[in-house]
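# Survey of secondary and tertiary structure
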Amino acid sequence: YDSRSIVLRGHNSPVEYINCSPDGRFLVSAANDTSIKVWDTASFKCIKTFKDDCESIWCVRFAPDNKSIISATSNGIKIWEIESGVCIKTFQDDIGRSYATDISNDGRYVIYASTYDYGIKIWDLMLEKCIHNIKRGYNFINHIYISPDSKQFIVADDDIELWDIEDGVCIYKYNVEGQIYSYTSGAFSADGSKIVSTDRGNVIRIWDTDTGKNVDSYNCYAGVSKAM
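## Focus: the overall build of the protein chain
Helix and strand counts for the protein chain stand at zero helices and 20 strands. Scored against the burial criterion, the 228 residues of the protein chain give a buried share of 47%. Within the structure as shown, the protein chain displays about 11700 Å² of accessible surface, and the carbon and sulfur contribution to it stands at 47%.

## Digging into the side chain of Asp159
With respect to the element layout, Asp159 can be found in the loop between strand 14 (152-156) and strand 15 (160-164). An unpaired buried charge is present at Asp159: no salt bridge exists, and Lys173, the closest side chain of opposite charge, is 4.4 Å distant. Setting aside residues no more than four positions away along its own chain, Asp159 makes contact with Lys173, Tyr174, Asn175 and Tyr183.

## Quick word on the pattern of salt bridges
According to the stated counting rule, one finds nine salt bridges in the structure shown. Where Lys194 meets Asp208, a salt bridge forms, and the shortest distance between an N and an O atom there is 3.9 Å. With Lys194 in strand 18 (residues 194-199) and Asp208 in strand 19 (residues 203-208), this pair connects stretches of sequence that are 14 residues apart.

## Examining the packing of aromatic side chains
According to the stated counting rule, one finds seven aromatic pairs in the structure shown. Here the aromatic rings of Phe153 and Trp163 are separated by 6.0 Å at their centres, their planes lie at 20°, and the arrangement is stacked. Placement of the pair is Phe153 in strand 14 and Trp163 in strand 15, with a sequence separation of ten residues. When sorted by exposure, Phe153 lands in the same class as Trp163, which is buried. Each ring, one from Tyr174 and one from Trp207, has its centre 5.3 Å from the other, and the planes form 50°; the classification is tilted.

## Here's the deal with the sheet that holds strand 1 (residues 15-20)
The four strands lie next to each other as 1-2-3-4, forming an open sheet whose pairing is antiparallel. Since the sheet does not close on itself, it has two edges, and those belong to strand 1 and strand 4 (46-51), each with one partner. Between one strand axis and the next, the sheet turns through 15° on average, direction left out of account. As defined by bridge partners, strand 2 (residues 26-31) adjoins strand 3 (residues 35-40) across five bridges and the pair is classed as antiparallel. Bridge assignment links Phe26 to a residue of strand 3, and that residue is Asp40.

Quick notes on the rules
Residues numbered from 1 in each chain as written. Predicted model: local features only at pLDDT ≥ 70, side-chain atom pairs only at ≥ 80, totals over all residues. Heavy atoms only, no water. Helix = DSSP H or I, 4+ residues; strand = E, 2+ residues; numbered from the N terminus. Buried < 20%, exposed > 50% of the residue type's maximum accessible area, 1.4 Å probe, protein only. Areas by Shrake-Rupley, 256 points an atom, 1.4 Å probe, with all protein chains shown as cover. Lys, Arg positive; Asp, Glu negative; His and termini not counted. Salt bridge = Lys/Arg side-chain N within 4 Å of Asp/Glu carboxyl O. Contact = heavy atoms within 4.5 Å. Phe/Tyr/Trp six-rings, centres within 6.5 Å; stacked < 30°, edge-to-face > 60°. Pairing = 2+ DSSP bridges. Axes fitted to C-alpha atoms, helices over the stretch in contact; angles between N-to-C directions.

Take a look at the structure:
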């Protein structure tokens, strides 16, 4: 580390996920030790620690009000109140195990892929229920990413797929003729007009969300694991 680096220490195992609060004042991190920590970005000190009783935490994000944190875990979706440090609501579900999870920017939706049945579940936290249980029954899903406007999401497996959250339907399957490598991840541009994907063939591709066409590609000399 150089002199400009700041190291936040406190977790006892690797950090799996990190997110910044909407106002930029805090960071939240989740680690393999099933702890969640909130950090002050001015002092870089840990101001709160939540200890979960689950086996794994796959995703964590601040709610839009900055007062609570949403986590997707091996035993349900949980909402934590930052001030009190307690879990105020749990949405129980038979998740099994998930390596692909995301929480929408508006804090309303949690979407995850379960390795139990290779399906996708979309939870509406405002309605407090699962609104779509999509039975795909094929392919291990590597990555899920929700659009900035919280209306669509990407699924990365053998293809890159664009899905509508409210209707629970696939809009596009982005693929290239002769493609032999599965996709590892995908992400939206800030305005949602483009998608960037990575694959196991070390190729980065740019897609147009309106036309579904591949508009640019970049070959990499090293493996690319995730698009953000």
